[in-house]
Every structure is written in structure tokens, then in C-alpha cells.
Amino acid sequence: METPYTASGEVHVLPSHVEIPGLGLIPVNAFLLRGSEPLLVDTGVFAEREAFFATLCKLIDPADLRWLWLTHADPDHMGSVYQLLEAAPGLRVITTFIGAGKLTLYGALPMERLYLLNPEQSIDIGDRRLTAIKPPIYDAPETMGLLDSKSGALISAGCFGAVLSTLATDARQIPEDELAERQILWATVDAPWLSGVDRTHFANALNRIRALAPTQVLSSHLPIAPGMLERFLDTIARVPDQTPFVGPDQAAVQQMLAQAPP
Ligand SMILES: [Fe+2]
Ligand SMILES: [Fe+2]
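Residues numbered from 1 in each chain as written. Chains lettered and ligands numbered in written order. Predicted model: local features only at pLDDT ≥ 70, side-chain atom pairs only at ≥ 80, totals over all residues.

K.L.:
Help me out: how do you make sense of the nonpolar core in this one?
P.N.:
It is characteristic of soluble globular proteins that their nonpolar side chains tend to be buried jointly. Counting residues in each nonpolar core, the largest one holds 65 residues, and the members touching the most others are Phe31, Trp67, Leu68, Trp69 and Leu218. When residues no more than four places from it in sequence are discounted, the contact partners of Leu218 are Ala7, Phe31, Ala153, Leu154, Ile155, Ser156 and Ile224. (Core = buried A, V, L, I, M, F, W, Y, C linked by C-beta atoms within 7 Å. Buried ≥ 20, exposed ≤ 12 C-beta atoms within 10 Å, placed from the backbone. Contact = placed C-beta atoms within 7 Å.)

K.L.:
Please clarify how the sheet that holds strand E6 (residues 92-95) should be interpreted in this entry.
P.N.:
What the seven strands build is an open sheet, ordered E1-E2-E3-E4-E5-E6-E7; its pairing is mixed. The open sheet terminates on both sides in strands that have one partner only, identified here as strand E1 (5-8) and strand E7 (114-116). Neighbour-to-neighbour, the strand axes of the sheet open up by a mean angle of 30°, direction not taken into account. Sheet topology note: the E1/strand E2 (residues 11-20) ladder contains three bridges and is antiparallel. Looking across to E2, one finds that Tyr5 is bridged to Val13. (Pairing = 2+ DSSP bridges. Helix = DSSP H or I, 4+ residues; strand = E, 2+ residues; numbered from the N terminus. Axes fitted to C-alpha atoms, helices over the stretch in contact; angles between N-to-C directions.)

K.L.:
Would you mind showing me how to read the packing of helix H4 (residues 176-190) against helix H6 (residues 229-236) here?
P.N.:
Describing two packed helices takes the angle between their axes plus the distance from one axis to the other. Put simply, H4 and H6 touch, their axes get as near as 9 Å, and they point 55° apart. The angle between the axes of H4 and H6 places the two elements in the oblique class. Note that H4 runs across H6; the crossing there is right-handed. For the pair formed by H4 and H6, the contact residues are Ala180, Gln183, Ile184 and Ala187 on the first element and Phe232, Thr235 and Ile236 on the second. Partitioning the contact of H4 with H6 into residue classes produces five nonpolar, two polar and no charged. (Parallel < 35°, antiparallel > 145°, perpendicular 65-115°, else oblique. Left-handed = near helix turned anticlockwise from the far one by under 90°. Nonpolar A, V, L, I, M, F, W, Y, C, P; charged D, E, K, R; others polar.)

K.L.:
Help me understand the environment of Gln255, please; the structure alone is not making it clear to me.
P.N.:
Tracing the backbone shows Gln255 in helix H7 (residues 250-259). As for Gln255 and Trp69, which are separated by 186 residues in sequence, their C-alpha atoms are 43 Å apart.

K.L.:
How should the environment of Thr169 be read in this particular structure?
P.N.:
Along the chain, Thr169 turns up in the loop between strand E11 (153-155) and H4. Linking Thr169 and Ile60, residues 109 residues apart in sequence, is a C-alpha distance of 21 Å. When sequence neighbours within four positions are dropped, the list of residues in contact with Thr169 reads Tyr5 and Pro223.

K.L.:
Quick question: what am I supposed to make of the sheet that holds strand E9 (residues 128-133) here?
P.N.:
Ordered in space as E8-E9-E10-E11-E12-E13, the six strands form an open sheet in which the pairing is mixed. If you trace the sheet from one side to the other, it starts and ends with strand E8 (122-125) and strand E13 (225-226), each paired once.

Quick look at the structure:
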């Protein structure tokens, strides 16, 4: 885990990262939205769930959390879900039917701890309205980003993420061409199905995101990105023309290991 930082006002980033050998570093963010009914978006990487929970406790007493928005149930997003459910008896998990089903593969999850929402539906939580958004790029069927009415931020799940060469806390720090290249690389890794997507369908999906006009993009896999949506949409519009990523096979890995210094 890295040190949490503020995205804007009451929106905090809990950053971490994972490394893909040979490719680079993928930021992994969860977000805390303070307010009359505090909300956490995602719960970090499963392998570092203890560290995530300790970091969260420095920002807020978990018992004060009322809501968890789970963008999807992948192990880099659901890490501390069960610790959190125990520490915050009043907390409910906002996810889809499929997301809830996947969570039960990790442990029991009573219906009263869930709130099922589908894309384009909204929920009012205290002083903010959250609207579920299906991002144009995703890697799991249950994936839901959200638009937060109070901050105006779009939390996009893994969409707009990048495999970085060095970590940053603001995407504006990364040279434009390099960031575009690394976002495209990530998209070909995370969503290889995009190479076969219908172009009109994909363009329409991008336009729906454009129409939301968020104040900033908060991706699970990118530093904060104020005012960068238009650029990002242009970048990911190029993804369907790319070759999907295919990792090294066993022979390639053995060759790399043979060449590595002892
Ligand atoms: Fe994922
Ligand atoms: Fe992810």
C-alpha cells in the first residue's frame, strides 16, 4: 500500500499497485467518499488485505462506513470485503446480482448486507446520489462504475487504467503520448475482447460516458485524472484496432530465466 491522498474535498484515494513482470506497474485504487453516509469503493488486493484494512483504519473508523460499492469481484477489488463486513455491522454492499453471486464463492453474504443495483439505476445515500455506469471497457460481467452527484467524479472501475513505468499520484504528471500508449496496453491486457467489438456499438458507449461530463475520472488502475476525460476517450477509441495482448508462454519464460543473471 502507498500513502492515501485526496482526489478532491471529501474523496480520498487508497492507492496500491501490482507488478506485471516485463510490462510494468498497475495502480490499484480504492476510494473513500466521506459524507453523511460514508462510502468505500472497492477494498484493495486480496493478498494485502491486512495492510489495506490498516490503511483504511487510519482514514476512518470502519464501523462508521455505511456503504461499500464493489465495482466487481476480482481479487484486486474485493480484498478486504469480509473483514469490513465484520468491522462495520451497518454496512451494505452495493453490487449486481452476479457480483453478489461471485462474493458468495468467498464466503457467506446475507441478503440484508447487500443492495442490488443495475447499470443506469441510482441510489440516494445521505447527501449524494450514486448512479451505476457500465464502463465501455471491463473485464467481468458484474462491473459497475459510478457517477457521484456530490463530487461530480466518475469512478470508472478498471476502464482508463494504465500499466505504468513509474507510479504517480496524478495522471497529468505522465507525458501525454506515454500515458496513451500505456492505457492502450492495459486495455489490450484487460479486455482482449475489444479487438472484435462492433465499432458503432463501442463509439456509442464512449459517447454515453462523454455525455456524463464528470469533473474527474477516478479509475481503479490509474492515478487521479482531473479534466482528462476527452483525451482518454480519444485514446481508448483506438483500442479495437490493436492486437490483443498475449503473454509469454512456457518456452519464452524459460528462455528469459536462462538469460537472467544468477
Ligand atoms: Fe478486473
Ligand atoms: Fe482490476
